[in-house]
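Listed below are the residues making up each chain.
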Amino acid sequence: MPCTSCRSALPPEARFCPACGSPCAEGPDTARPTGRKVVTVLFCDLVGSTALSGALDAETLRSVTLRWFDLMRLRIEEQGGTVEKFIGDAVMAVFGVPAVREDDARRAVAAALAMREALTGLNLRLEQGVGVRLEMRIGLNTGQAVTGSATLRQAMVSGEVVNVAARLEQNAAAGEILIGPGTLAAAGPGVRTARTGPLLLKGKRDRVTAHRLLGLDEEEGPEALRRFDLAFIGRSRELALIDEALERVVRTRRAGRLVVGGEAGQGKTRLVREWLHRATATAGGPRHGVGRCRARGEQPTLGPLADAVADLLGAAAVAPSPELDLLHQGLLLDGTPNPSPADTCAALAKVLAGLSAAEPVVLVIDDCHWAAQPLFDALDRLLRALTDAAVLIVLLTRPQLFDARPALSLETVLLGGLSDAEAQLLAAGLTGGTAPGGPLGPRVLARVGGNPLHLEQLLVAGDPVDTDSVPLPLQALIGARIDALDPPEHRALGLASVLGGDFTAGELTELAGRPAPEWTGHGAPARTAPAGPSPRVIRPDGEAFRYAGGLIQEVVYTSQSKQDRADRHERAARLDSVRRRGSAAVGGHLEQAYRYRAELGAQDAHTDGLRRRAADALAEAGRLALAHADPVWAADVLSRATARYAPGEPGSTAARRRLGQTLLDLGRGPEGRALLEEVLAEARAGGGEAVEAAHARLALASAGRSAGEPGAPGGDGGDGRDGGDGGAGGAGGAGGAGGAAPAGAEESPA
């Protein structure tokens, strides 16, 4: 369960949040269902433990090993990892369980380096005490894993990501740390490595490119990825609102606060940076300082404010004063409110008021969703003390802060997504005007939902932007956002992701199988579409709702277990709203339900029934598509239907015959003829349907090739009509290859 104040993951049995110090809400352990998420797995093993057992007394060896285990566990847990188990002389740890953080891979890298450094210190003591040294090797890998636990206290992960991490560790030399390509990509900038070349790992058919970890430059965190070199696009309304806030502060000489809110990647930092650049370029522009909150509790509580004030004072000539001396002895020295919060804020207020007498002052604090409670208390106290000063405090935050401090939402400039036209401009800038395939298509625009970072990650990932793959860093970023939600919200989002692009609250309630407390009185998913200033993950769309971006839906969907997806798709196929959308919608859900059960190895009658029902529904959808002169759609659903039918099943022959005739009409002659001749071969062998065989002969004859039977054009079917099945002519035009009967002319709407 996350902290209710800063949303950081809480260790089991914690009474206070280790990140912000807030008291933890009491309550029973929350069981987490099986799911899938992006995690980083760490394996660490002692090298040469057999030789140690021969050199040390058994009790001494046990004591040494336990000291090593404790030290490694401490370094792992300091970075937010969870030690899953000890295996002989090895440690297995996971970053991303129980809760995903967007920087899990970077935390794991930092932990591995800290473990190696800690062993150096331990070896000095062991050499002095018992005359031995320990050596170890480490492997790291990042990817999607299946996760689940009976309680939050015992994490369990499985999947290829675990196996590869173990193999990397086994291939590392003593003292080495090997990381996989996923970890390198997800950890962000500043990770120093040496490529070791492709490794052939046991159990892997393809070679894995490994990297030897050398170091981590903490100053080059994920924020270094921000592309400030690109031309600024849009946001004129938001820039004007910040201008108005500063103008109001200058006019009234009353200090003010402005919050810039938006989801990760929406461009909050870039917006304020652009505004400061424009504002300071004019005469009388403000002096400013910028500080940033860090996610891991690395800073003193007032560290971000101290950084902003130091940045401000570094660019301004300030006369010596007792107040400035006091700040240098506490806030500016180590980020603490020494000698007291009241004295610190009073001294800072006097210094800022003096600076603002000549020019307005702007203090910017970024990533305030990571801030501890004392920082907000200090800012409130500072604003009360600034009674006659042109000072504007700008806070940048994600919407999760408003859960803990809803009053801040009243002072917020909300940053939404870019328009489609602006996203096209950004893509051109990111690719130098050479975006793959030219302008972004509607599907790509829908996937990114106007989020600049999501678009950038798609473009730099190397895969085609219109594929279904989501880059690992983006999976981690979105996964952390989803994992921070409470279980009812998480479940609601999972149900919604199964329904597709848009949905109603009534559909979610029906799909859930029971009225649940997670739905509000208005039928909206509780807190997924809150009344506050941010649309968060779900946005209202008339009477319905939709995801803020297609990528979010994709990550939520793939985070569910295959069993959950199968069950939910099967229930979705029974919804009245889905049935009203037609056989294709019903068949699509049944098809997915069967697919996931089959992938899990289910071979029971229920699974086979899902397959048959999916095939029948898709075949009917294909028949209706032909009746409505839509052969392209018909070819898609009929192809899926024929793939699901077992040989000889009722409906299989008709579906294959319709698909063959449709493919002829679309100019795919060889494929179409092969299917039609297959139908005829079955009829000749005595196992086919005479009526469908007649239609197949007529279609082949119309395509300019006889089926090899006398009287092929007429055949057993006379004029080829069968309760709405037609031969040549009708709506749909001249047809495709060889003048075959147009597929769109074949049926009458049911």
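Everything below is about the structure shown above.
First, a word on scope: everything that follows refers to the structure included in this document. None of the values given here were measured: they were computed from a predicted structure.

What counts, and at which threshold
Residues numbered from 1 in each chain as written. Predicted model: local features only at pLDDT ≥ 70, side-chain atom pairs only at ≥ 80, totals over all residues. Heavy atoms only, no water. Pairing = 2+ DSSP bridges. Helix = DSSP H or I, 4+ residues; strand = E, 2+ residues; numbered from the N terminus. Axes fitted to C-alpha atoms, helices over the stretch in contact; angles between N-to-C directions. Parallel < 35°, antiparallel > 145°, perpendicular 65-115°, else oblique. Contact = heavy atoms within 4.5 Å. Salt bridge = Lys/Arg side-chain N within 4 Å of Asp/Glu carboxyl O. Buried < 20%, exposed > 50% of the residue type's maximum accessible area, 1.4 Å probe, protein only. Expected span 1.5 Å × (residues − 1). Left-handed = near helix turned anticlockwise from the far one by under 90°. Nonpolar A, V, L, I, M, F, W, Y, C, P; charged D, E, K, R; others polar. Core = buried A, V, L, I, M, F, W, Y, C linked by side-chain atoms within 4.5 Å. Phe/Tyr/Trp six-rings, centres within 6.5 Å; stacked < 30°, edge-to-face > 60°. Lys NZ or Arg CZ within 6 Å of the ring centre and 35° of its normal.

A few words on the sheet that holds strand 16 (residues 544–547). Read from one edge of the open sheet, three strands run 14-16-15, paired in antiparallel fashion. Of all strands in the sheet, those with a lone pairing partner are strand 14 (502–503) and strand 15 (538–541), marking the two edges. Relative to strand 16, strand 14 runs antiparallel, the two being bridged by two bridges. The residue bridging Asp 502 from the neighbouring strand is Arg 546, located in strand 16.

The next point concerns the packing of helix 26 (residues 652–665) against helix 28 (residues 690–702). Remark: helix 26 packs on helix 28, axes separated minimally by 10 Å, with the N-to-C direction vectors making an angle of 10°. Classed by the angle they form, the pair helix 26 and helix 28 counts as roughly parallel. Side by side, helix 26 and helix 28 meet where Thr 653, Ala 654, Arg 657, Gln 661 and Leu 664 of the first sit next to Glu 692, His 695, Ala 696 and Ala 699 of the second.

Relative to the assigned elements, Pro 399 resides in the loop between strand 12 (391–397) and helix 13 (401–404). The sequence separation of Pro 399 and Val 260 amounts to 139 residues, and the corresponding C-alpha distance is 9.6 Å.

Ordered by their spatial adjacency, five strands build an open sheet running 10-11-12-9-13, and the pairing between neighbours is parallel. Edge positions in the sheet fall to strand 10 (287–292) and strand 13 (412–414), since each has one partner strand and no second. In this sheet, adjacent strand axes meet at a mean angle of 20° when their direction is disregarded. Direction of pairing for strand 9 (residues 256–261) relative to strand 12: parallel, over a ladder of six bridges.

Following the criterion strictly, the structure yields 33 salt bridges and no others. The shortest N-O distance in the salt bridge between Arg 75 and Glu 78 comes to 3.4 Å. Taken together, the residues span about one helical turn, with Arg 75 and Glu 78 both in helix 2 (residues 58–78) at a distance of three residues. The exposure class assigned to Glu 78 is partly exposed, which follows from its relative accessible area of 47%. As a salt-bridge pair, Asp 380 and Arg 405 come within 3.1 Å of each other at their nearest N and O atoms. Linking Asp 380 in helix 12 (residues 373–385) with Arg 405 in the loop between helix 13 and strand 13, this pair joins segments that are 25 residues apart in sequence. Residue class for Arg 405 comes out buried when judged on its relative accessible area of 16%. A single network of salt bridges, built from pairs that share partners, joins Arg 257, Asp 380, Arg 405 and Glu 411.

Between the first and last C-alpha of helix 12 there are 19 Å, a value that for 13 residues agrees with the 18 Å anticipated at 1.5 Å per step. Regarding helix 12, the residues found buried are Leu 375, Phe 376, Ala 378, Leu 379, Asp 380, Leu 382 and Leu 383. Close packing links the buried residues of helix 12 with strand 9, helix 8 (303–314), helix 11 (341–356), strand 11 (361–366), strand 12 and helix 13.

Attention now moves to the pairing of strand 15. Where strand 15 lies against strand 16, four bridges are found, and the strand directions are antiparallel. Along strand 16, the bridge assignment pairs Pro 540 with Phe 545. Where strand 15 folds back on strand 16, the antiparallel hairpin that results is connected by two residues, among which Gly 542 adopts a positive phi of roughly 70°.

The subject of this paragraph is the packing of helix 9 (residues 322–329) against helix 11. Between helix 9 and helix 11, the shortest axis-to-axis distance is 9 Å and the interhelical angle comes to 130°. When the axes of helix 9 and helix 11 are compared, the pair comes out oblique. Between helix 9 and helix 11 the crossing geometry is left-handed. Contacts between helix 9 and helix 11 involve Glu 323, Leu 324, Leu 326 and Leu 327 on the former and, on the latter, Asp 343, Thr 344, Ala 347, Leu 348, Lys 350 and Val 351. In terms of residue class, the contact of helix 9 with helix 11 is built from six nonpolar, one polar and three charged.

Within the largest apolar cluster, 53 residues are counted, with the highest numbers of intra-cluster contacts made by Leu 455, Leu 493, Phe 503, Tyr 547 and Ile 552. Grouped together as the second largest cluster of nonpolar side chains are 40 residues, Met 115, Val 132, Leu 134 and Ile 179 included.

Turning our attention to unusual backbone geometry. Along the chain, Val 97 connects to Pro 98 via a cis peptide bond; the corresponding omega equals 5°. Here Pro 98 is to be found in the loop between strand 3 (90–95) and helix 3 (104–129). In this model, Asn 338 is joined to Pro 339 through a cis peptide bond whose omega is 10°. Phi is positive for Arg 235, which is not a glycine, with a value near 65°. Note on Arg 235: relative accessible area 10%, which makes it buried.

Turning our eyes to something else, we now look at the packing of aromatic side chains. Applying the stated rule across the entire model yields four aromatic pairs. Between Tyr 557 and Tyr 596, the ring centres sit 6.4 Å apart and the planes meet at 55°, which makes this aromatic pair tilted. Residue Tyr 557 is located in helix 20 (residues 550–559), and its partner Tyr 596 is located in helix 23 (residues 583–599); the two are separated by 39 residues in the primary sequence. Per residue, the accessibility class of Tyr 557 equals that of Tyr 596, and both read buried. Through pairs of rings, three or more aromatic residues link up here, namely Trp 68, Phe 69 and Phe 86. A cation over a ring is seen here: Arg 565 above Tyr 557, with NZ or CZ 5.3 Å from the ring centre.

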